[in-house]
Amino acid sequence: MSHIIAPSILSADFANLQRDVEMINNSQADWFHVDVMDGMFVPNISFGFPVIKAIKKHAKKPLDVHLMVMDPDRYLQQFKEAGADIITVHYEACTHLHRTVQAIKALGVKAGVAINPHTPVNLLVDIIEDIDVVLVMSVNPGFGGQKFIENTYHKIVSLRDIIRATKSKAIIEIDGGVDMLNYTKLLEAGATALVAGNTVFSSPNPTQTISDLKKV
Ligand code: DX5
Ligand code: ZN
């Protein structure tokens with residue numbers, strides 16, 4: 001199966017959100033990556049339910065909702081109702097991660113776990129068989145357009161070994177600083193999904209950039 005490209009709505013033009021959603025609909029992108037920031041877990045606030053509902057109204061592809069939110073259990077039901085197809089929570093933001101993952105799956109949506117750049121991948125060994133997506137942060141979460149952290153390649157290789165050993169079916173998704181210069185190397189290391197914000201939306205032709213990122 002070809003890799004997944006998930007353009008990040010965080011870099012879209014919010015004054016022309018429907019236009020940017022249609023651009024993604026009509027492109028080779030696979031998912032909409034939707035970043036929710038609470039101003040506590042990360043030093044930034046993005047958007048919440050009304051904006052996600054507005055995206056969902058026009059989106060013809062799955063919404064991959066990345067919660068940079070402390071104690072996200074409080075809001076899982078509302079994210080499902082707003083239109084999330086995948087809900088990813090942070091390892092660092094959940095005291096009872098196994099319970100959170102089960103709660104996401106009970107809602108009938110796919111469950112993902114994100115890890116910050118400093119979090120070792122082997123901490124996921126006991127949850128990897130229960131999840132659909134591992135989101136490896138390749139920048140410190142909170143902002144688009146940051147510089148890619150090179151250590152990510154090692155993490156992908158280790159994660160791939162863990163996934164093989166456990167026969168987990170989890171997708172390895174990379175988030176932050178993905179660009180035309182590093183995306184091939186990320187795929188070679190074992191990534192199966194790539195988020196791209198700045199690279200897509202600040203390019204002169206976002207539709208073409210998405211199709212370039214789909215090339216292997
Ligand atoms: C960062 C977000 C990312 C962000 C990626 O906290 O989780 O999804 O939108 O943006 P780029 O691709 O510009 O680094
Ligand atoms: Zn994200």
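Rules used in this analysis
- Residues numbered from 1 in each chain as written.
- Chains lettered and ligands numbered in written order.
- Predicted model: local features only at pLDDT ≥ 70, side-chain atom pairs only at ≥ 80, totals over all residues.
- Heavy atoms only, no water.
- Helix = DSSP H or I, 4+ residues; strand = E, 2+ residues; numbered from the N terminus.
- Contact = heavy atoms within 4.5 Å.
- Buried < 20%, exposed > 50% of the residue type's maximum accessible area, 1.4 Å probe, protein only.
- Arc of directions from axis to C-beta.
- Near = heavy atom within 4 Å.
- Polar contact = N/O pair within 3.5 Å; in protein donor to acceptor, adjacent residues only side chain to side chain.
- Areas by Shrake-Rupley, 256 points an atom, 1.4 Å probe, with all protein chains shown as cover.

A. Local environment of the side chain of Thr-100. With respect to the helices and strands, the residue Thr-100 is situated in helix H4 (residues 97-106). Filtering out sequence-adjacent residues up to four positions away, Thr-100 remains in contact with Pro-72, Asp-73, Leu-76, Val-89 and Cys-94.

B. Up close: H4. Restricting attention to buried positions, one finds in H4 the residues Leu-97, Thr-100, Val-101 and Ile-104. Buried residues of H4 fall within an arc of 100° about the axis and therefore sit on the same side. Residues Arg-99 and Ala-106 are exposed on H4 and point more than 90 degrees away from its buried face. Here the buried face of H4 lies against helix H3 (76-82), strand E4 (86-90) and strand E5 (110-115).

C. Spotlight on the site of ligand 1. Taken together, the neighbourhood of ligand 1 is formed by 20 residues, with Asp-35, Gly-142, Gly-145, Asp-175 and Gly-197 sitting nearest. Here an oxygen atom of ligand 1 sits 2.7 Å away from a polar atom, N or O, in the side chain of Asp-35. Take Gly-197: an N or O atom from its main chain is 2.8 Å from an oxygen atom of ligand 1. In isolation ligand 1 offers 380 Å² of accessible surface; the protein chains occlude 99% of this area.

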